Amino acid sequence: MTKDLQTIQFTVIDNGTEIPITTRHGSHPNLMFLLKEKLNLDSFGECGGVGRCATCVVETDGIKGKSMIKERNEPTTLSKLGFEEENIRLSCQLYVTADLEGAVITLLEE
């Protein structure tokens, strides 16, 4: 099966409610856009995915591969807000790939 057709399943926790998500590799530019669309999140990802506003902060459990590496603006943005934990991420910096398979993504309140 090619990557583009690969089904990816993971769980999102929003205010204590578990929401199963099924999508395809590369279906959205990043996890932030997928979550905005699937969950109708109004003030989520206000900077449009450049990693500066921190309105798309999530806690991750079970991501793997290259998705575990924080790059670009993400470490600086999270540090400014006091987040030093490896599993706290900006969803705009996570691509929709097989690295999310089986993961649990918890939306954090601003």
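Rules behind the numbers
- Residues numbered from 1 in each chain as written.
- Predicted model: local features only at pLDDT ≥ 70, side-chain atom pairs only at ≥ 80, totals over all residues.
- Heavy atoms only, no water.
- Pairing = 2+ DSSP bridges.
- Helix = DSSP H or I, 4+ residues; strand = E, 2+ residues; numbered from the N terminus.
- Axes fitted to C-alpha atoms, helices over the stretch in contact; angles between N-to-C directions.
- Disulfide = S-S within 2.5 Å.
- Buried < 20%, exposed > 50% of the residue type's maximum accessible area, 1.4 Å probe, protein only.
- Core = buried A, V, L, I, M, F, W, Y, C linked by side-chain atoms within 4.5 Å.
- Contact = heavy atoms within 4.5 Å.
- 1 Å grid on protein atoms, 1.4 Å probe; cavity = no way out; pocket = protein on both sides within 12 Å on 5 of 7 lines; lining within 4 Å.
- Points joined across faces, edges and corners; volume = space filled by probe spheres on them.
- Nonpolar A, V, L, I, M, F, W, Y, C, P; charged D, E, K, R; others polar.

**Q** Break down the sheet that holds strand E1 (residues 7-14) for me, citing the residues and quoting the values.
**A** The strand order across the open sheet built from five strands is E2-E1-E5-E3-E4, with neighbouring strands paired in mixed fashion. The open sheet has two free edges, formed respectively by strand E2 (17-24) and strand E4 (88-90), since each of these has just one partner strand. Ignoring strand direction, the axes of neighbouring strands in this sheet form an average angle of 35°. Bridging between E1 and strand E5 (residues 104-107) involves three bridges; their strand directions are parallel. Each residue of the ladder has a partner; that of Val12, found in E5, is Ile105.

**Q** Pulling in residues and values, what's your account of the state of the cysteines?
**A** Throughout the structure, instances matching the rule amount to zero disulfides. Cysteine Cys56 is unpaired, with the sulfur of Cys92 as its nearest cysteine sulfur at 3.8 Å. A relative accessible area of 4% means that Cys92 is categorised as buried.

**Q** How would you sum up the nonpolar core? Please name residues and give values.
**A** Judged by nonpolar contacts, the single largest core of 26 residues is most densely connected at Phe10, Val12, Leu31, Leu35, Phe44, Ile105 and Leu107. Listed by contribution, the elements that provide at least two residues to this core are E1, helix H1 (31-39), strand E3 (57-61), E4 and E5. What Phe44 contacts, discounting residues up to four positions off in sequence, is Met32, Leu35, Lys36, Thr55, Cys56, Val58, Ser91 and Leu107.

**Q** Describe the layout of surface pockets, naming the residues involved and giving the relevant values.
**A** There is about 240 Å³ of room inside the largest pocket. Taken together, 16 residues make up the lining of the largest pocket; nearest its centre are Lys66, Ile69, Glu71, Gln93 and Tyr95. Classifying every residue of the lining of the largest pocket by side-chain character gives five nonpolar, five polar and six charged.

**Q** Tell me what's going on with the pairing of E5, and back it up with residues and numbers.
**A** Pairing analysis gives four bridges linking E3 to E5, with the strands arranged antiparallel. By the bridge assignment, Val58 is partnered in E5 with Leu107.

**Q** An account of unusual backbone geometry is requested, with residue identities and associated values reported.
**A** The residue Asn40 is not glycine, and still its phi comes out positive at about 50°. Along the chain, Asn40 turns up in the loop between H1 and E3. Of note, the phi angle at Ala54 is positive, near 60°, even though the residue is not glycine. Mapped onto the elements of the fold, Ala54 is located in the loop between H1 and E3.

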